[in-house]
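# Structural description and commentary
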Amino acid sequence: MTRYEEGLQVIEERCGNGKDNVISLATIALEPNEQGSPRPYVREVDALYEDGAFYITTWATSTKMQQIARNPEVAFAVSGQWFSGNGIGENFGWVLDPKNASLRAKLREAFAPWYDFANDESNENCIILAIRITRATVIKDHGAVRYHLDFLNKVETEDGRIK
């Protein structure tokens, strides 16, 4: 097993198997700061992890979706799991779109305690946001083991940078 595969296994053990993960999701605000520089914007969201991506139910009109439409690059950190990185946000569209049926079922199961309270599926603005991970760092044993994963090239890197 390669170190890349070991890192993926740690992620799957911590975040996979239909678990509801709380992640901090950072985007770039629509308006720059007073000096004209990009301003980060972060919020916590519930996310389902599967095969190198996080899936989130949200509203098409939300601030995060407006920001992702302008700049799909995001950053994330999984609460309490020593797992963080970057990804590309993608609007998968309405949760009831037939192409989303399988994923919707997984999201409903993972988020069962609150799903119906927080989502109005009859509204076409109730969508699925996918965060396709591009790079990530996973830490084990209080920092004794670190995996810097390049999800695009499916390798571990020395410093977490994508080559």
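Residues numbered from 1 in each chain as written. Predicted model: local features only at pLDDT ≥ 70, side-chain atom pairs only at ≥ 80, totals over all residues. Heavy atoms only, no water.

### Notes on the overall build of the protein chain
Stated formally: Numbered from the N terminus, helices here are DSSP runs of H or I no shorter than four residues, and strands are runs of E no shorter than two. For a compact globule the rule gives 2.2 Å times the number of residues to the power 0.38, and the radius of gyration it is set against comes from C-alpha atoms. Buried residues are those whose accessible area, probed at 1.4 Å on protein chains only, stays under 20% of the maximum for their type, while exposed residues exceed 50% and partly exposed ones sit between those limits. For this analysis, residues touch if any pair of their heavy atoms sits within 4.5 Å. Positive charge is attributed to Lys and Arg, negative charge to Asp and Glu, and no charge count is given to His or to the chain ends. The location of each charge is read from NZ of Lys, CZ of Arg, CG of Asp or CD of Glu.
Counting secondary structure elements, the protein chain contains four helices and eight strands. Walking the protein chain from its N terminus toward its C terminus, one meets helices and strands in the order α-β-β-β-α-β-β-α-α-β-β-β. For 163 residues, the compact-globule estimate of 2.2 N^0.38 gives 15 Å, and the protein chain sits close to it at 16 Å. Once the C-alpha set of the protein chain is aligned to its principal axes, its extents read approximately 45 × 45 × 25 Å. The 163 residues of the protein chain split such that 42% are buried. Within the protein chain, residue pairs in contact and separated by at least 24 positions form 64% of the contacts whose partners lie at least 6 positions apart. Of note, the protein chain has its 18 positive side-chain charges centred 4 Å away from the centre of its 24 negative side-chain charges.

### Quick notes on the side chain of Glu121
Put simply, the rule is: Between N or O atoms, a polar contact is any pair within 3.5 Å; within protein, one atom must be a potential hydrogen donor and the other a potential acceptor, and residues adjacent in sequence are included only when both atoms are from side chains.
Among the secondary structure elements, Glu121 is positioned in the loop between helix H4 (115-118) and strand S6 (126-140). Relative accessible area serves as the criterion here: at 12%, Glu121 is assigned to the buried category. Only 3.4 Å separates the side chain of Glu121 from the side chain of Arg108, close enough to count as a polar contact. Only 2.7 Å separates the side chain of Glu121 from the side chain of Tyr115, close enough to count as a polar contact. For Glu121, the contacting residues outside a window of four places in its chain are Trp94, Val95, Leu96, Arg104, Arg108, Tyr115 and Cys126.

### A closer look at unusual backbone geometry
For Asn17, which is not glycine, the phi dihedral falls at a positive 60°. What makes Asn17 exposed here is its relative accessible area of 67%. Even without being a glycine, Asp51 presents a positive backbone phi close to 50°. Along the chain, Asp51 falls in the loop between strand S2 (40-50) and strand S3 (53-59). Taking relative accessible area as the criterion, Asp51 reaches 72% and is therefore assigned exposed.

### Things to note about helix H2 (residues 63-70)
How we decide: Arc, as used here, means the arc of the directions from the helix axis to the C-beta atoms.
Taken residue by residue, H2 has Lys64, Met65, Gln67 and Ile68 as its buried positions. End-on view of H2: buried residues confined to an arc of 160°, all on one side of the axis. For H2, the exposed residues set more than 90 degrees away from the buried face come down to Ala69 and Arg70. Summarising the contacts, the buried residues of H2 are in contact with strand S1 (20-28), S2, S3, strand S4 (73-78), strand S5 (83-94) and S6.

### Observations concerning the pattern of salt bridges
Charged atoms that come close allow side chains of opposite charge to pair. Threshold: Any Lys or Arg side-chain nitrogen found within 4 Å of a carboxyl oxygen on Asp or Glu counts as a salt bridge.
In total, this model carries six salt bridges according to the counting rule given. In this structure, Glu156 and Arg3 form a salt bridge, with 2.7 Å as the shortest nitrogen-oxygen distance. You can see Glu156 sitting in strand S8 (residues 155-156) and its partner Arg3 sitting in helix H1 (residues 3-15), a full 153 residues away along the chain. A relative accessible area of 26% places Glu156 in the partly exposed class. Note that Glu121 is salt-bridged to Arg104, the shortest N-O span being 2.7 Å. With Glu121 in the loop between H4 and S6 and Arg104 in helix H3 (residues 101-110), the pair connects residues that are 17 residues apart, well separated along the chain.

### Let's talk about the environment of Glu44
Along the chain, Glu44 falls in strand S2. Relative accessible area serves as the criterion here: at 58%, Glu44 is assigned to the exposed category. Along the primary structure Glu44 and Asn21 are separated by 23 residues, whereas in three dimensions their C-alpha atoms are 9.9 Å apart.

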